[in-house]
Amino acid sequence: MSPAVNDRPPNPVTLGAPAGIGPEVAAKAFADPQARAVARLVAVGAADVLDRALSLTGVPLRAQAVAHPADAAGADAIPVLEAGASSGLASLPMGELSAEAGGASVEWALAAARLALEGSVDAIVTAPINKEAAHLAGYEDVGHMELFQSLTGAPQVATMLLTHGLRAVHLTTHRSLRVACDYVTRDNVLAKLRLTHDFFAAHGQPSPRIGVAALNPHGGEGGLLGSEEVEHIAPAVEDAWREGIDAIGPVPADSVFTQAIGGRYDVVLAMYHDQGHVAVKVHGWEDSVTVNLGLPFLRASVDHGTAFDIAGKGVADARSMVSAIRVAARAASGQGVEVV
């Protein structure tokens, strides 16, 4: 790492579910020159779990437990801030659900968030947790964003997915489609437009162009195929314009993402989970990243799950983790929020 990187606060990277691919993609990312060039990295988890991942992936480094995220490790070592239950987890079978693994992954994520809240780190990067395992451990808030919202009391949060040339904020994420449609209201759309505008303004882009996706086919065809566009989305866009927010829409969902890729919008507000996720993942899944809006700290994450089917084989693709580290480091240093 360059002297400039060494002078910056550390970026903690949680190891995610011990039985999943999180430790493996973290291990590979810690050895990646692109990640090491922009961030001072420290793992949050358990040293033996990371050591197992290093062995599985053939990365010629070792894990070294440290007491503080700013503590240095040996030249051939990755510093690991151990948090919560950290012993015996490396003996858990790969690719299997357990309360022990689920509890540890949540404890590691919360430990990283507390570091950010106390100002010890610039931003945090998270490997995936397994929602079923977290539930077995007794956690009701089983997604990272929900956990962090509960921890911080943030009044409103949102998920943004981004990859090369495309960014999508979601009106709702972990809701069934039937329930998500009920969230498409004038007030909810306007609130997310405000949140999106304020997030970009806080990270170096004072007037982002926001393309607002329609909910229904062909933008509702003036109410023939659904009334949400006429009754809620268009009025919310008009409200946003009156507040100085550069929002455009509703734009049919089969057009808005292509237009964004072509440069017409800086970000798209999608109406539900798959509307935004499918567009981003088809356009550039390997490098896609998740970022949360509305939290009092910056959190970036891989845009994939725990992949129990390949866990322990050392073959997991680490490009999303490397992208997440680079996005977090660039955003924390005021260079904008984008995959480059």
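To be clear, the structure that these remarks concern was listed above.
Predicted model, so just to flag it, every value in this text is computed and none were measured. (Residues numbered from 1 in each chain as written. Predicted model: local features only at pLDDT ≥ 70, side-chain atom pairs only at ≥ 80, totals over all residues. Heavy atoms only, no water.)

A.B. asks: Any chance you could break down the pairing of strand β12 (residues 298-302) for me, citing the residues and the numbers?
C.D. replies: Among the five residues of β12, five are classified as buried, and the element is accordingly described as predominantly covered. Sheet topology places strand β5 (residues 123-126) next to β12; four bridges connect them, and they run parallel. In the strand pairing of β12, threonine 126 is matched with serine 301. Direction of pairing for strand β11 (residues 289-293) relative to β12: antiparallel, over a ladder of three bridges. Each residue of the ladder has a partner; that of valine 291, found in β12, is alanine 300. Remark: four residues form the turn of the hairpin made by β11 and β12, two consecutive strands paired antiparallel; glycine 294 in that turn has positive phi of roughly 95 degrees. (Buried < 20%, exposed > 50% of the residue type's maximum accessible area, 1.4 Å probe, protein only. Helix = DSSP H or I, 4+ residues; strand = E, 2+ residues; numbered from the N terminus. Pairing = 2+ DSSP bridges.)

A.B. asks: I'd like to hear about the pairing of β11, residue by residue, with values.
C.D. replies: Most of β11 is tucked away: five of the five residues are buried. Relative to β11, strand β6 (residues 158-163) runs antiparallel, the two being bridged by five bridges. From the neighbouring strand, leucine 162 faces β11, where its bridge partner is valine 289.

A.B. asks: Now, about the layout of surface pockets: what can you tell me, with residues and values included?
C.D. replies: Of the pockets and cavities examined, the largest pocket occupies roughly 430 Å³. Looking at the largest pocket, it is lined by 24 residues, and the ones nearest its centre are Lys131, His174, Thr290, Val302 and His304. Of all elements in the fold, only α7 (144-152), β6, α12 (273-284), β11 and β12 reach the threshold of two or more residues within the lining of the largest pocket. Here the residues of the lining of the largest pocket are counted per class, giving five nonpolar, 14 polar and five charged. Estimated volume of the second largest pocket: approximately 350 Å³. As for the second largest pocket, its lining consists of 18 residues, of which Val157, Leu171, Thr172, Arg175 and Lys192 are closest to the centre. At the level of elements, α7, β6 and α9 (186-202) are the ones that each hand at least two residues to the lining of the second largest pocket. (1 Å grid on protein atoms, 1.4 Å probe; cavity = no way out; pocket = protein on both sides within 12 Å on 5 of 7 lines; lining within 4 Å. Points joined across faces, edges and corners; volume = space filled by probe spheres on them. Nonpolar A, V, L, I, M, F, W, Y, C, P; charged D, E, K, R; others polar.)

A.B. asks: Explain the pattern of salt bridges to me, using residue names and the numbers behind them.
C.D. replies: Note on pairing: side chains with opposite charge can pair once their charged atoms come close. The tally for this structure, following the rule as stated, stands at eight salt bridges. As a salt-bridge pair, aspartate 76 and arginine 62 come within 3.1 Å of each other at their nearest N and O atoms. With a gap of 14 residues between them, aspartate 76 in the loop between β3 (62-66) and β4 (77-82) and arginine 62 in strand β3 connect regions that are remote in the sequence. The class of aspartate 76 is partly exposed, set by a relative accessible area of 39%. For arginine 62, a relative accessible area of 36% translates into the label partly exposed. Each member of the salt-bridge network shares a partner with another, and the members are Arg186, Asp239 and Arg242. (Salt bridge = Lys/Arg side-chain N within 4 Å of Asp/Glu carboxyl O.)

A.B. asks: Go over the packing of aromatic side chains with me, naming the residues and quoting the values.
C.D. replies: Counted according to the given criterion, the structure contains two aromatic pairs. With a centroid separation of 5.6 Å and 70 degrees between ring planes, the pair formed by phenylalanine 148 and phenylalanine 297 is classed as edge-to-face. Within this pair, whereas phenylalanine 148 is found in helix α7, its partner phenylalanine 297 is found in the loop between β11 and β12, the two being separated by 149 residues in sequence. The buried category is assigned to phenylalanine 148, whose relative accessible area is 0%. Between phenylalanine 199 and phenylalanine 200, the ring centres sit 6.0 Å apart and the planes meet at 85 degrees, which makes this aromatic pair edge-to-face. Taking relative accessible area as the criterion, phenylalanine 199 reaches 9% and is therefore assigned buried. Under the relative-accessibility criterion, phenylalanine 200 is labelled buried at 3%. (Phe/Tyr/Trp six-rings, centres within 6.5 Å; stacked < 30°, edge-to-face > 60°.)

All quantities given are derived from atomic positions and should not be read as evidence of function.
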